[in-house]
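Overview (structure and organization)
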Amino acid sequence: MIRRGHIFIGLLAVLVLSVAAHGLERFPPPEFETDYVRPTTVTPHPRQDVWEYIDTGVFVAALGLATYLVLRRRSRKGIFLLMLFSLVYFGFFRKGCICSIGAIQNVALTAFDPTYAIPITALIFFGLPLVFTLFFGRAFCGAVCPLGAIQDAVLISPVKVPRWLESVLRILAYLYLGAGVLFAATGCMFIICRYDPFVGFFRLGANWNLLVFGACLLLIGLFVGRPYCRFLCPYGVILRQLSRLSKWRVTITPTECIQCRLCEDACPFGAILKPTEQWPAKEYKIAKLRLAFLLVLLPVLIGAGGWAGYQLRGWLAQAHPQVRLAQRVYLEQNGQVEGTTDASDAFRATGRPSTELYAEASAIRDRFKVGGALFGAFIGLVIGGKLLGLSVKRRRTDYEADPASCLACGRCYSYCPKEHERLKLKKETVVAHG
Amino acid sequence: MAERNDDVTRRRLLRDGLWGACLAGVGGVVGFAAQKSRKTEWVWQIDPYKCIACGNCATYCVLEESAVKCMHVHAICGYCRICFGFFTPEPYALTEGAENQTCPTGAINRKFIEDPYYEYMIDESLCNGCGKCVKTCNAFGNGSLFLQVQHDRCVNCNQCAIAAACPAQAFTRVPADNPYILKTVDHA
Amino acid sequence: MTDTTQETPTTEMDVGGRTAATTAKVAGVFAVLFLALLAANFIGTSVLAPRRENRLTAMKVAIQGGEASEEQLAEIRELDLQIRRDRIWRLDFARKASYALLVSVVVFVVAGKLAGTLSKQPPRPQHAPDVGAEQIREARQSRWSVTAGLGVLAAAVVLLVMQEAPSAFVEAKEAKPLFASMQEKSEQWHRFRGPGGGGVSVFSNIPTQWDGQTGQGILWKTPVPIIGHNSPVVWKDRVFLSGADPNQRLVFCFDATSGQLLWTGDVPTTPAVTEADLDVMEDTGYSASTTATDGVRIYAIFVTGDIAAFDFNGRRLWHKNLGVPDSAYGYASSLETYQDRVIVQFDQGDGSEGKSRLYALDGATGRVVWESKRPETPNSWTSPILVDVEGQLQIVTVTDPWVFANDPADGKEIWKVECVSGDVAPSPIYAGGLIMAIEPYSQMVAIKPTGQGNVTETHIAWRMEEGAPDICCPAGNDKHIFLLEGSGYLMCFDVTNGEMVYEHDLRDNFMASPSIAAGKLYLLSEEGVMYIAGLGPEYEEIAKCELHEKCHASPAFVDGRIYIRGYEHLYCIGQTAAAADEKTAN
């Protein structure tokens, strides 16, 4: 027989089951007889707003200073010191987040998610370097970006990367850009941030795999100049195109080029273009045909890319957790898989019918029809554009910094005899005045 | 010569045109985003009504010591003598010995108030965000214990690693001036 | 700047360059060292720490429910403290080592750069090659490499497109929950006293001859780890039982052909239950309720109010505690299943608090689909039955004083009749188109189940008031109803009017309910003696088989076999396939 005393405890333990059992108190909060006062919950605050202003201010100042150092002062030392400052401030101090590269995703999300509004800082970090690059070239890359800074810092003994390898590796960066924008816009994940190789070093802690990847990149970076910047950075490929059109750009010589060839091996990033020469007549004929063919091929590539992207919508949609969940729940419902996962358990605990989940997941997958097609078309355009760019003969008489590839590091300045003339002139002027 | 000059001018015009278009493009994107933007930062937070206390918060945070910790709203707490968050489901005895406690780091302190009520406080410095107490409190108790991202510790990554790994998709972005989603009494 | 093309490095620069290089190498070595330390620390956290934690968990489990010595407790506390200290130490170490690593890497990089700068040679452009040809070649190579890249991408796309992306859910209109149909259930023994809860089997090949001592006619016998009075539940090739004592609640799954124990499932409880320290009647035991299955999962409930679901491989899907039931003799109602839900009759209390409920829980998650509050009815020990009344499915339950019929889809009441009272334990049955409800010691009431609302005045077909059993459920077909009292008094009634057909005193004690199979009446006594009789107008003993073990639970009948749970063993009465073939051949 159950004793009365135990029934009291039994009653205390009776769980009133109701549909909203999750939050309704099973044990009514007590009313105290003594003068006990319930403690209030402490909610610690995030960092002050003021830091946002400081960050933005430092960013603008750094961009301005970088541009000045690259174009006006032409001082490698200055650029290097500013780069170190950016590394310490935006990298280790601010832990590499938020950065301009990641900000692409925030903009993509703002455009397609009505519930998300990009904070002003992120927008400034995204837009300002683009504007500066349109006017002055990639000074941002040279001295402000912390990811570039950490790679530049470890560059000890540069090795030349053959052109053909560079061309094909850069496709990776476009893929990264397209995928980053696609997954951010559809609300899957910010992959650029997730797979940022250097943020682990800035934070002094990360997922083991990511740290290894970052370390490998830096080890490669000891010999290959700025591998992430040149072959992976999604922001960099946008800057490339804008920098091609910039009003002012980095020139190796401060005045005129005398074709002395001393700067040929100056650039660790392969951004110095040699003067072009006449081709044999046969080459021109072939080149014309090739160009015509590639011009026709371009829309074909775009179309094929779009089609491929559309076909891949099922796979691309797997990046979204709701889609993966719907598939898992479906398999479990139909006995095609054993057991459950935490995610499917969590879903069932909400009590929502699985048809609702399937409908949501299908809607998300449908977004990938257009998204995937655009992504594919974009890659098609990129590859077609690359091929075209490699088939056009440009006329060049001087040694120039490739406006797209030049990362504005300033290393080439000291190789130019005209630069030394300018410095000597400056010193003499100073001496004369002083 | 004139032809070449024309060529050069044409190219110049094309380039300037493209330049103008790009500037307009950048301006357009930034302008569009700007009219929607807000001054306050977004920070990450856990919706305690979705959270299933799976334990990922303790392991996926990029920080060595997770920024997620357990919080306690005393208004909801039942002050039970047999606290389902404090004791294991089948405690050997109702004492504070390690063998009886759910919390692996001993972060919950128990204090007698009046019969039969006990107060339970979380020592934040010891809590590692594993959620074991949350699970049992939700299953058998009032659910007054729940996990929250602590914003004096959180680095506010653009992509929260825990958010990506949360099986219940309980992470959401909240404005920085109201960064906590606390449970309230009698949520229905 | 000098104008000599050959530049000899000065001695200073040489020394500087060498120092820088050496510093870089040393720093590099330090960096590798710190990296190794960090890696070791990482291995420690990810491999060694979890092992310790598992050991602690095992130690905690070991002391559960038993007496633990002071040493064991001290050991646990010591290990717990050690784990916590270790964790904090590791965090600290990782932090310090990271900083050290950072410093050495910085030194390495700075020294390396210095070495590089100091040993830099001025440019020495070689004799100019054919730049034009070089440019043409570079452009051609690049075009080909880009084309190759395109090819790789295209191949990847083709591969992916050929493989179907996981999107089965896209076409899914209706979620299909899994459960067995009523037809499938009719050929198994999925709950207490079989489909419909009437103790009736559809099979005609049920054995009539066996002996527990010689083993003749017994296919296998397996010891059951814990005593329990719930009956076997059979689904195709599996037999399920549950068992419990004050410290544990277990579900067992046996192979139907070999009798091997396939798995044991554990059902946890809550601290409140541990504290409640239930004291149940010995005759009831801690797991009197028989399990039930819906063909996909097996459900079990215990006297503590703990209910759990397992899949057929033994994986526990969910468990919950409905509250410790306030039941005078100990909770004993068995479970029923409807589609993918489990039906729980949870009557408790003395009636004044209105705590009694009829629940339908979702089989996959344990979530309450519906609950029906019973108006101020007290504790009962009957079990619910799911019957098909002219196409309409009803869940019929008997409490004091009502017999309820609820709709299994939404729990709403269909009809109710006020007709019984007392400590109701025999469950109702559906026979001859009527629901038979028993009031212990007193009467049997036959109810027409076609009513709506309170049909006490109109739908009672007849009452038989010549006495009724207090424990055993009735058994019946469309001709007769059989009642068996615990003392061995067997009564047979006409199903149409309740008139007695015959009565017979078996002079033996019975706890198991009577069953009807293959046109015979099977009665299992407490001593393990199975009386097999005809269903005729008078008592006719066909056979008497002795198991030589005490039996409390009712047997299960499935396709040529009888499963009987004794106090210690689970028996399978039947023949091997070979012997059965031989018999049919002969």
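Placed above this text is the structure.
Residues numbered from 1 in each chain as written. Chains lettered and ligands numbered in written order. Predicted model: local features only at pLDDT ≥ 70, side-chain atom pairs only at ≥ 80, totals over all residues.

This part is about the sheet that holds strand S3 (residues 238–245) of chain C. Residues and elements named next belong to chain C. Ordered by their spatial adjacency, four strands build an open sheet running S2-S3-S4-S5, and the pairing between neighbours is antiparallel. This sheet does not close on itself; its edge strands, each paired only once, are strand S2 (233–235) and strand S5 (261–266). Here the average twist between neighbouring strands, direction ignored, is 25°. (Pairing = 2+ DSSP bridges. Helix = DSSP H or I, 4+ residues; strand = E, 2+ residues; numbered from the N terminus. Axes fitted to C-alpha atoms, helices over the stretch in contact; angles between N-to-C directions.)

Moving on to unusual backbone geometry. Each neighbour pair has its own omega, and for Asp 115 of chain B with Pro 116 of chain B the value is -5°, a cis peptide bond. Note that Pro 116 of chain B resides in the loop between strand S3 (108–114) and strand S4 (117–122). Backbone torsion omega between Asp 400 of chain C and Pro 401 of chain C reads 10°, so that peptide bond is classified as cis. Within the fold, Pro 401 of chain C resides in the loop between strand S15 (392–398) and strand S16 (402–406). Here the phi dihedral of Glu 376 of chain C falls at roughly 45°; this positive angle occurs in a residue that is not glycine. Its location among the elements puts Glu 376 of chain C in the loop between strand S13 (368–373) and strand S14 (385–389). C-beta crowding within 10 Å serves as the criterion here: with 13 such atoms nearby, Glu 376 of chain C is assigned to the partly exposed category. Located in the positive-phi region is Tyr 441 of chain C, a residue other than glycine, with phi close to 70°. Here Tyr 441 of chain C lies in the loop between strand S19 (434–439) and strand S20 (443–447). (Buried ≥ 20, exposed ≤ 12 C-beta atoms within 10 Å, placed from the backbone.)

Turning to the interface of chain A and chain B, a few remarks are in order. The interface of chain A with chain B comprises 53 residues on the first partner and 60 residues on the second. Put simply, the parts of the chain that give the side of chain A that touches chain B at least two residues each are helix H4 (100–112), helix H5 (120–136), helix H9 (191–194) and helix H17 (342–350) of chain A. Ranked by residue count, the leading element in the side of chain A that touches chain B is H5 of chain A, at six residues. For the side of chain A that touches chain B, the class distribution of residues is 32 nonpolar, 11 polar and 10 charged. (Contact = placed C-beta atoms within 7 Å. Nonpolar A, V, L, I, M, F, W, Y, C, P; charged D, E, K, R; others polar.)

Residue and element names in this part refer to chain A. It is the contact of helix H2 (residues 50–73) with helix H3 (residues 76–93), at a shortest axis distance of 10 Å, that shows an interaxial angle of 160°. Between H2 and H3, the angle falls in the class roughly antiparallel. As H2 runs across H3, the sense of the crossing is left-handed. In this structure, H2 uses Val 58, Ala 62, Leu 65, Ala 66, Leu 69, Val 70 and Arg 73 to contact H3, whose residues at the interface are Gly 78, Ile 79, Leu 82, Ser 86 and Tyr 89. Of the residues assigned to the contact of H2 with H3, the class counts are nine nonpolar, two polar and one charged. (Parallel < 35°, antiparallel > 145°, perpendicular 65-115°, else oblique. Left-handed = near helix turned anticlockwise from the far one by under 90°.)

Residues and elements named next belong to chain B. A large share of helix H3 (residues 132–140) lies buried, amounting to seven of its nine residues. Along H3, the residues classified as buried are Lys 132, Cys 133, Val 134, Thr 136, Cys 137, Asn 138 and Phe 140. Those residues of H3 that are buried are in contact with strand S2 (68–72), S3 and strand S5 (145–149).

Time to look at the packing of H3 of chain A against helix H7 (residues 146–154) of chain A. Residues and elements named next belong to chain A. The geometry of H3 relative to H7 is characterised by a closest axis approach of 8 Å and an angle of 125° between their N-to-C directions. Put simply, H3 runs oblique to H7. Read as a crossing pair, H3 and H7 show a hand that is left-handed. Judged by residue contacts, Met 83, Ser 86, Leu 87, Phe 90 and Gly 91 of H3 engage Pro 146, Ala 149, Ile 150, Asp 152 and Ala 153 from H7.

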